[in-house]
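Listed here are the chains, written in short residue letters.
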Protein chains: 2
Amino acid sequence: MSLPHAILTALLEKPSSGLELTRRFDKSIGYFWSATHQQIYRELGRLEADGLIRALPTAQPARGQKKSYEVLPAGRAELAGWTAAARDPKPQRDVLLLRLRAAAVVGTAGLEADLRRHLELHRRQLAEYQEIEKRDFPPDRDTPQDRLRHLVLRAGIDLETFWTGWLTGALAEFAELPEEERAGD
Amino acid sequence: MSLPHAILTALLEKPSSGLELTRRFDKSIGYFWSATHQQIYRELGRLEADGLIRALPTAQPARGQKKSYEVLPAGRAELAGWTAAARDPKPQRDVLLLRLRAAAVVGTAGLEADLRRHLELHRRQLAEYQEIEKRDFPPDRDTPQDRLRHLVLRAGIDLETFWTGWLTGALAEFAELPEEERAGD
DNA sequence: ACCGGTTGTGCAACTAGTTGCACAACCAGG
DNA sequence: CCTGGTTGTGCAACTAGTTGCACAACCGGT
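Within every chain, residues take consecutive numbers counted from 1 along the sequence as written. Here the convention is simple: chains get letters from A, ligands get numbers from 1, in the order in which they are written. Whole-chain, interface and lining totals are the exception, using all residues; otherwise, since this is a predicted model, local features are given only for residues with pLDDT of at least 70 and side-chain atom pairs are given and counted only at 80 or more. Side-chain numbers come from the whole structure's heavy atoms, not from hydrogens or water.

Colleague: Describe the packing of helix α1 (residues 3-13) of chain A against helix α5 (residues 95-106) of chain B, naming the residues involved and giving the relevant values.
Modeller: Simply put, an axis is a line fit to the C-alpha atoms, just over the touching stretch for a helix, and the angle between two N-to-C directions goes from 0 to 180 degrees. Strands are runs of DSSP state E lasting at least two residues, helices are runs of H or I lasting at least four, and both sets are numbered from the N terminus onward. The interhelical angle for the contact between α1(A) and α5(B), taken along N-to-C directions, is 35°, at an axis separation of 10 Å. Crossing hand, α1(A) versus α5(B): left-handed. Across the interface between the two elements, A:Ala6, A:Thr9, A:Leu12 and A:Glu13 of α1(A) pack against B:Leu98, B:Arg101, B:Ala102, B:Val105 and B:Val106 of α5(B). Amino acids outside the nonpolar list (Ala, Val, Leu, Ile, Met, Phe, Trp, Tyr, Cys, Pro) and the charged list (Asp, Glu, Lys, Arg) are all regarded as polar, and Gly is one of them. Its residues assigned to classes, the contact of α1(A) with α5(B) comprises six nonpolar, one polar and two charged. A clockwise turn of the near helix away from the far one marks a right-handed crossing, whereas an anticlockwise turn of less than a right angle marks a left-handed crossing. Any two residues whose heavy atoms approach within 4.5 Å at even a single point are treated as in contact.

Below is the structure:
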């Protein structure tokens, strides 16, 4: 039940249409909660039906026309409640680690190349985050909102840093494995 | 499509019954791929129907009786193929970061306590991993399988280390926020 | 005026994981 | 012996996210 709250957060930051939300999910919000435009439209419909948001009256709601939404007080209350509610961390689930464990049994053939690819992807993502940090969080601007958002970005940066480091180490380990192991047994 | 492959890996390491698998998922495997017993039984049924595993002939298959499975050659081949196949990292999705972002808009009331709780949980998990590392990976034992499994455990340890560090920093940041901000707006 | 790409919105079907419950066998204690 | 907890297996319904497709409007060039 997180997507509706991600949308509420985004709409509170700035009222938007479905497509605008989609774009924003592809950027900042999607960095820790991705969603496709189909999900977003469906959820907008539900949120409107539930009375948590409403279409801005200025736009005419014809098909193929932009329709912007804003959050109603009930929506803000719902979001505040959701944010404050205690919630257990979701159980860990990482395919790459699972594949590595499988590789310990069936051999590492083919896996190494994909590890390299992942390393490259994480490097790129890390660079992008660092770019954003430099642009959006200069040392002087320092409102509470900024500090909280910066904290979120730092998590992204640190996680990508972790993955690039770990993948580098994993590849080094692979390089030292005996040949027959790498081919699979 | 990862659960069946997690099960294949586990069964290759050691043929097991549904309940034994469940226990192993609660321990080592569950550290990066958790599953309930219901999921596991369902998946065992499918894997057997697909001819990737079979019930060990020694056990009689009565209800309430242990029924152990072993991996067939087709299963091993499937797993090897799956392990080697390139696969994009799944899009990031973290509720806690989303809540923090929401808190930047609706206020941090209530969130801080849960952050503390998460910190405690991650500390515990980290300690548990470090215990496992000390027990299962002494410096001398050093087969290729060990090294790969150790790599997986290192990822777990480093991730928990990251979270404890990040949460500590986040809580420090919270402590510095002005009072009216923390109450919510 | 017509055509093809882009913008914007949306439905429907599918997949994977979660939750709730059921039920047989076995084992210990009254 | 029978009762109540534990072990072991499993079905069914639900939830959330993904994939594939459709279709209207608008905009540029020909």
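After that view, the rundown keeps rolling.
Colleague: Report on the side chain of A:Arg99, specifying residues and quantitative values.
Modeller: On the secondary structure map, A:Arg99 appears in helix α5 (residues 95-106). Pairs of N or O atoms are called polar contacts if they sit within 3.5 Å, as long as, within protein, a hydrogen donor faces a hydrogen acceptor (for residues adjacent in sequence, only side-chain-to-side-chain pairs). Within the structure, A:Arg99 has its side chain in polar contact with the backbone oxygen of B:Ala85 (distance 2.7 Å). Once residues within four sequence positions are removed from consideration, A:Arg99 is found in contact with A:Leu111, A:Asp114, B:Trp82, B:Thr83, B:Ala84, B:Ala85, B:Ala86 and B:Arg87.

Colleague: Break down the pairing of strand β3 (residues 68-71) of chain B for me, with residues and values.
Modeller: Residue and element names in this part refer to chain B. Buried residues are those whose accessible area, probed at 1.4 Å on protein chains only, stays under 20% of the maximum for their type, while exposed residues exceed 50% and partly exposed ones sit between those limits. Neither face of β3 is open: one carries Ser68 and Glu70, the other Tyr69 and Val71, and all of them are buried. Inspection of the sheet shows strand β1 (residues 16-17) paired to β3 by two bridges, in the antiparallel sense. Note that in β3 the partner of serine 16 across the bridge is tyrosine 69. A pair of strands is treated as paired once DSSP finds two or more bridges between them. The sheet contact formed by strand β2 (residues 53-55) and β3 spans three bridges and is antiparallel. Within β3, the residue paired with arginine 54 across the bridge is glutamate 70.

Colleague: Explain the packing of aromatic side chains to me, using residue names and the numbers behind them.
Modeller: Side-chain rings of Phe, Tyr and Trp (the six-membered ring for Trp) are treated as a pair once their centres are within 6.5 Å; stacked means planes under 30 degrees apart, edge-to-face means over 60, and tilted covers the remaining angles. Scanning the model with the defined rule gives six aromatic pairs over all chains in all. Here the aromatic rings of A:Tyr31 and A:Tyr129 are separated by 4.9 Å at their centres, their planes lie at 70°, and the arrangement is edge-to-face. Here the residue A:Tyr31 occupies a position in the loop between α2 (18-26) and α3 (37-49), and A:Tyr129 occupies one in helix α6 (residues 111-136), the gap between them amounting to 98 residues. For the pair formed by A:Tyr31 and A:Tyr129, the shared burial category is buried. Aromatic ring contacts, followed pair by pair, group A:Phe162, A:Trp163 and A:Trp166 into a single cluster. Lying over the aromatic face of B:Trp33, A:Arg93 brings its terminal NZ or CZ to 5.3 Å of the ring centre. Only when the NZ atom of a Lys or the CZ atom of an Arg is both within 6 Å of the ring centre and within 35 degrees of the ring normal do we say a charge sits over the ring.

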